[in-house]
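Reading the structure
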Amino acid sequence: MPFQVPLPLPPVLRPTEQASGVDRYEMVQRETTAEILPGTATRVWTYDGIFPGPTIESRRGRTARVRHRNELPVPTAVHLHGGRTPPESDGYPTDLVLPSGWTDPHQDGHTGGPHGSHMHDPRAVVTRLTREYTFPLDQRAAMLWYHDHRMDYTGPAMWRGLAGMHIVRDDVEDACDLPHDDHELPLMITDRSFDADGQLAYPSLDPTLRDRHGVAEPYLAGVLGDVILVNGAPWPTHDADTGSYRLRLLNASNARHYDLQAVAEDGRTLPLIQIGADQGLLARPVNHTSLPIAPAERYDVVVDFAGLPIGSTVRILNRLGTGTTAQIMQFRIVRSAPASAPVPERLATDLPTWHRSEASVTRDLAFGVGRMGDRHGWLIDGLAFDPARTDVTSRLGDIEIWRLVADVHHPIHLHLVGFTVLSRGGHPPLPHDAGLKDTISLRPGESAEIMTRFDGYRGRYLFHCHNAEHEDMGMMANLEIV
């Protein structure tokens, strides 16, 4: 039954040390059991024993160093999604942390490749048991998230629980006087399926995640679940007052798209006031009656419960869902509160001001289905991912326009940089395209233009589809910044 479990809020991880502008953290990746479905113990892979993993809160420009210890049965690689991160800490899919005793003969820079054979990556940096990731966080305030990014196995690893949130704050955000403390809620939305024993059901060709990657034929387009989780709880409920709430929304599902709507008990649709996108605050708020969100996208919205009767409810619905996937969570109004301050008409003043005329190059990139040897796969410009091949070379500091085109739904993510959306299908961007993003959802047959500046660091990065099954089956490419 929905709306029976209280909304959990992941704990904020405390630094083990703070000195000279650096916050140090430690996490252990390990298998444990969690009570996701009431009364049932489900085996999960976790960061620090919980799903989602603990939230890290950082200050802009203050470096976070996170030391991960891998006590799972397989290698891992941690990616801070949305982070402006040096390449050696970006969680490249072959930069693996091996568990103790791992004896795979292909461990030294080799990985099970999308062509069904093992490919060598001469640039892979492989460590055993532990690795420290350095995140300078010289970037705008935003909600980032971290997850496993091991080559060929991102989908099943995230499905088993390897994901958590990382919030960056700064003075620009502080000046906006937005809802905070218990009126600011990070919400990680995922879908999962469970077997008859209450264990996570994922259609891996090799459930050990060692020798053969990929999923069974019916799931090649992406794995969907029939239970909606928010912060790891099924269709949770949260007690609220009649004030405004800031909802930090993250779609951490493998493949499911949502179209979110807040509906009061009397049938009224409450406005979702968007104040931020993947990479931080907008210049001005945007009002939505519903908000589409693709895998890996984040939206920062304010919803106001003023005037709702005590004892009434507000449900967050999924207009793309049916049956059990049509509802996300519920708020129950339990007490009155003073009227909240209105959302400021002007928010951030630090957004980039790039212009088409500044672009040094325009690139065309096609994302579509194809064949990889004798297998179905997902390709970029007709090619499956190869870690030893450079697909795009960009110069540090250059502004570029990328024209993207998709055959089916593809949420496209760029590592390192944020971008602005210039157009969709030759028309102006949609309202939810506002601000600085790092993931854009392309609808079937759709094209879009994005513009970005490749700054921060030189080195090897990725761009890829964030449908986890698509990326595991070849839909990634290398970006070399020189």
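1. Overview of the overall build of the protein
Looking only at helices and strands, the protein features three helices and 36 strands. Its C-alpha atoms give the protein a radius of gyration of 21 Å, near enough to 23 Å, the size a compact globule of 482 residues would have. Classification of the 482 residues of the protein by burial places 60% in the buried group. Across the protein, the fraction of contacts at a sequence separation of at least 24, relative to all contacts at a separation of at least 6, is 77%. A total accessible area of about 18000 Å² is found for the protein, and carbon and sulfur atoms account for 50% of it. Averaged over its 45 positive side-chain charges, the protein has a centre that lies 2 Å from the centre of its 62 negative ones.

2. Some words on the sheet that holds strand β4 (residues 53-59)
In sheet architecture, strand pairing relies on hydrogen bonds along the backbone and comes in two forms, parallel and antiparallel. The mixed open sheet is built from four strands, whose spatial order is β4-β13-β12-β6. Every interior strand has two partners, whereas the edge strands, β4 and β6 (78-81), have only one. Going across the sheet, the axis of each strand differs from the next one's by a mean of 20 degrees, ignoring polarity. Pairing analysis gives four bridges linking β6 to strand β12 (residues 142-148), with the strands arranged antiparallel. Bridge pairing in β12 links Val78 to Asp148.

3. Thoughts on the pattern of salt bridges
Enumeration over the complete set of coordinates arrives at 38 salt bridges. Between Asp171 and Arg59 there is a salt bridge, and its shortest N-O distance comes to 2.8 Å. In this pair, Asp171 sits in helix α2 (residues 171-174) while Arg59 sits in strand β4, placing the two residues 112 residues apart along the sequence. Notably, a salt bridge pairs Glu184 with Arg169, separated by 3.1 Å at the nearest N-O pair. Taken together, the residues Glu184 in strand β14 (residues 184-192) and Arg169 in strand β13 (residues 163-169) connect sequence positions 15 residues apart. What makes Glu184 buried here is its relative accessible area of 11%. A relative accessible area of 15% places Arg169 in the buried class. One connected set of salt bridges, linked through shared partners, spans Glu57, Arg169, Glu173, Glu184, Arg246, Arg248 and Asp300.

4. Here's the deal with the confidence of the model for the protein
Per-chain confidence: the protein averages 95 in pLDDT, with 97% of residues scoring 70 or above. Confidence drops under pLDDT 50 across residues 108-118; counting only partners more than four residues distant or on other chains, this segment forms 36 contacts.

5. Re the packing of aromatic side chains
With the rule as written, the count across this model stands at nine aromatic pairs. Aromatic side chains Tyr245 and Phe331 sit 6.4 Å apart centroid to centroid with 45 degrees between the ring planes, which places their arrangement in the tilted category. Residue Tyr245 is located in strand β18 (residues 244-251), and its partner Phe331 is located in strand β26 (residues 327-335); the two are separated by 86 residues in the primary sequence. This pair shows no difference in class: Tyr245 is buried, exactly as Phe331 is. Among the aromatic residues, ring-to-ring pairing joins Tyr245, Phe305 and Phe331 into one connected group. Just above the ring of Tyr133 sits the side chain of Arg131; from NZ or CZ to the centre is 5.7 Å. Just above the ring of Trp45 sits the side chain of Arg160; from NZ or CZ to the centre is 4.5 Å.

6. Some points on unusual backbone geometry
Here Phe51 and Pro52 are connected by a cis peptide whose omega angle stands at -5 degrees. Within the secondary structure, Pro52 sits in the loop between β3 (42-47) and β4. If you check the backbone angles, Ser20 has positive phi at about 55 degrees while not being a glycine. For Ser20, the position within the fold is in the loop between β1 (17-19) and β2 (22-34). Ser20 sits in the exposed class, given a relative accessible area of 79%.

7. Let's talk about empty space enclosed by the protein
Applying the stated rule across the entire model yields six cavities of 30 Å³ or more. Of the pockets and cavities examined, the second largest cavity occupies roughly 70 Å³. Taken together, 14 residues form the lining of the second largest cavity, with Ala142, Met143, Arg248, Ala277 and Asp300 sitting closest to its centre. Looking at the lining of the second largest cavity, the elements that each hand over two or more residues are β12, β18, β21 (272-277), β22 (280-288) and β24 (298-304). Of the residues assigned to the lining of the second largest cavity, the class counts are seven nonpolar, two polar and five charged.

8. Examining the pairing of strand β5 (residues 63-70)
Side-chain direction in a regular strand flips from residue to residue, so the side chains alternate between the two faces of the sheet. With eight bridges connecting them, β2 and β5 associate as parallel partners. Looking across to β5, one finds that Tyr25 is bridged to Val66. Looking at chain direction, β5 and strand β11 (residues 130-135) are connected through six bridges and run antiparallel. Opposite Ala64, over in β11, you have Phe135 as the bridge partner.

9. Description of the environment of Gly321
Position of Gly321 relative to the elements: it lies in the loop between β25 (313-318) and β26. Judged by its relative accessible area of 15%, Gly321 falls in the buried class. A sequence separation of 62 residues divides Gly321 from Asp259, and the C-alpha atoms of the two residues are 8.3 Å apart.

10. Concerning the sheet that holds β21
Within the open sheet, the seven strands sit side by side as β16-β15-β14-β18-β24-β21-β22. Their pairing is mixed. Two strands close off the open sheet at either side, each with one partner strand: β16 (233-234) and β22. Of the pairings in the sheet, the one linking β14 to β18 comprises six bridges and is parallel in character. Across the sheet, Met188 pairs through a bridge with Leu250, a residue of β18.

11. What to know about the pairing of strand β36 (residues 476-481)
With six of its six residues buried, β36 lies for the most part within the structure. The alternating pattern of β36 places Met476, Asn478 and Glu480 and Ala477, Leu479 and Ile481 on opposite faces, both of which are buried. Relative to β36, strand β29 (residues 392-394) runs parallel, the two being bridged by three bridges. Directly across from Val392, in β36, lies its bridge partner Leu479. Summarising the sheet, strand β35 (residues 459-465) and β36 pair through six bridges and their orientation is antiparallel. Residue Tyr461 lies in a different strand from β36, and its bridge partner there is Leu479.

Rules of the game
Residues numbered from 1 in each chain as written. Predicted model: local features only at pLDDT ≥ 70, side-chain atom pairs only at ≥ 80, totals over all residues. Heavy atoms only, no water. Helix = DSSP H or I, 4+ residues; strand = E, 2+ residues; numbered from the N terminus. Rg over C-alpha atoms; globule rule 2.2 N^0.38 Å. Buried < 20%, exposed > 50% of the residue type's maximum accessible area, 1.4 Å probe, protein only. Contact = heavy atoms within 4.5 Å. Areas by Shrake-Rupley, 256 points an atom, 1.4 Å probe, with all protein chains shown as cover. Lys, Arg positive; Asp, Glu negative; His and termini not counted. Charge placed at Lys NZ, Arg CZ, Asp CG, Glu CD. Pairing = 2+ DSSP bridges. Axes fitted to C-alpha atoms, helices over the stretch in contact; angles between N-to-C directions. Salt bridge = Lys/Arg side-chain N within 4 Å of Asp/Glu carboxyl O. pLDDT = per-residue confidence, 0-100. Phe/Tyr/Trp six-rings, centres within 6.5 Å; stacked < 30°, edge-to-face > 60°. Lys NZ or Arg CZ within 6 Å of the ring centre and 35° of its normal. 1 Å grid on protein atoms, 1.4 Å probe; cavity = no way out; pocket = protein on both sides within 12 Å on 5 of 7 lines; lining within 4 Å. Points joined across faces, edges and corners; volume = space filled by probe spheres on them. Nonpolar A, V, L, I, M, F, W, Y, C, P; charged D, E, K, R; others polar.

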